Amino acid sequence: MSDREQETAAPATRRLTEARAQTLQQIAALRRNFEGIVEAALLVNTDDEHDPEGATIAFERAQVSALSKQADADLAAIDDALERLRRGSYGRCEVCAGPIGDERLDAIPSATRCIACASMASSRHDGRAQ
Ligand SMILES: [Zn+2]
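Residues numbered from 1 in each chain as written. Predicted model: local features only at pLDDT ≥ 70, side-chain atom pairs only at ≥ 80, totals over all residues.

**Overview of the overall build of the chain**
Here is the rule: Numbering of helices and strands runs from the N terminus, with a helix taken as a DSSP run of H or I at least four residues long and a strand as a DSSP run of E at least two residues long. Distance between backbone-placed C-beta atoms decides contact: two residues are in contact if it is within 7 Å.
If you tally the helices and strands in the chain, you get 4 helices and 0 strands. Reading the chain from its N end, one meets helices and strands in the order α-α-α-α. Taking as baseline every contact in the chain between residues at least 6 positions apart, the subset at least 24 positions apart corresponds to 52%.

Here you go:
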């Protein structure tokens with residue numbers, strides 16, 4: 001790796017490492033949250049979905065589980081980005097092969113598409129949000 005490449009890779013590595021740590025924290029917090037809800041459900045001793053309390057717990061569990069899935073996907077995307085960084089393809093759009101742009105990578109370190117391709121995909125409603 002040349003000095004120039006080292007210079008561009010270093011902030012990306014830092015951003016991805018930070019994002020990874022945050023996502024891991026989020027996953028841990030969600031897991032605690034989920035366990036808390038399960039414990040609360042045991043305390044009120046209801047698994048009846050028709051009971052208002054039971055319905056609330058079911059809703060909270062569904063919400064936390066959706067957030068957990070999202071956090072797991074975030075973590076996978078970050079690991080993919082770290083892998084691209086090692087291979088030297090990080091920061092390139094997977095669609096048009098153009099640069100993704102520093103501002104966008106700042107906001108979404110694991111972005112795989114440039115803003116133009118990402119907004120094209122989301123306007124067709126067939127792509128991922130990033
Ligand atoms: Zn693109």
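**Let's talk about the nonpolar core**
Cut-off, in case you're wondering: For our purposes the nonpolar core covers buried Ala, Val, Leu, Ile, Met, Phe, Trp, Tyr and Cys residues that link as a set through C-beta atoms within 7 Å. Here exposure depends only on C-beta density: within 10 Å of a residue's C-beta, 20 or more other C-beta atoms make it buried, 12 or fewer make it exposed, and intermediate numbers make it partly exposed, the C-beta atoms being placed from the backbone.
By size, the foremost hydrophobic cluster in this structure holds 5 residues: L16, A77, I78, A81 and Y90. With 3 residues, the top contributor of residues to this core is helix 2 (residues 52-87).

**Some thoughts on the environment of A21**
Position of A21 among the secondary structure elements: in helix 1 (residues 3-44). Judged by C-beta crowding, with 11 C-beta atoms within 10 Å, A21 ranks as exposed.

**A closer look at unusual backbone geometry**
With a phi angle near 65°, A97 is a residue other than glycine that sits in the positive phi range. Relative to the helices and strands, A97 resides in the loop between helix 2 and helix 3 (102-107).

**Concerning the environment of Q25**
The topology assignment puts Q25 in helix 1. Remark: the alpha-carbon pair of Q25 and A71, spanning 46 residues in sequence, is separated by 9.8 Å.

**Side note on the confidence of the model for the chain**
Put simply, the rule reads: For every residue, the predictor assigns a confidence score, pLDDT, that lies between 0 and 100.
Mean pLDDT over the chain: 85, with 81% of residues reaching 70 or higher. The secondary-structure element of the chain with the lowest mean pLDDT is helix 1, recorded at 85, while helix 2 shows the highest, at 91.

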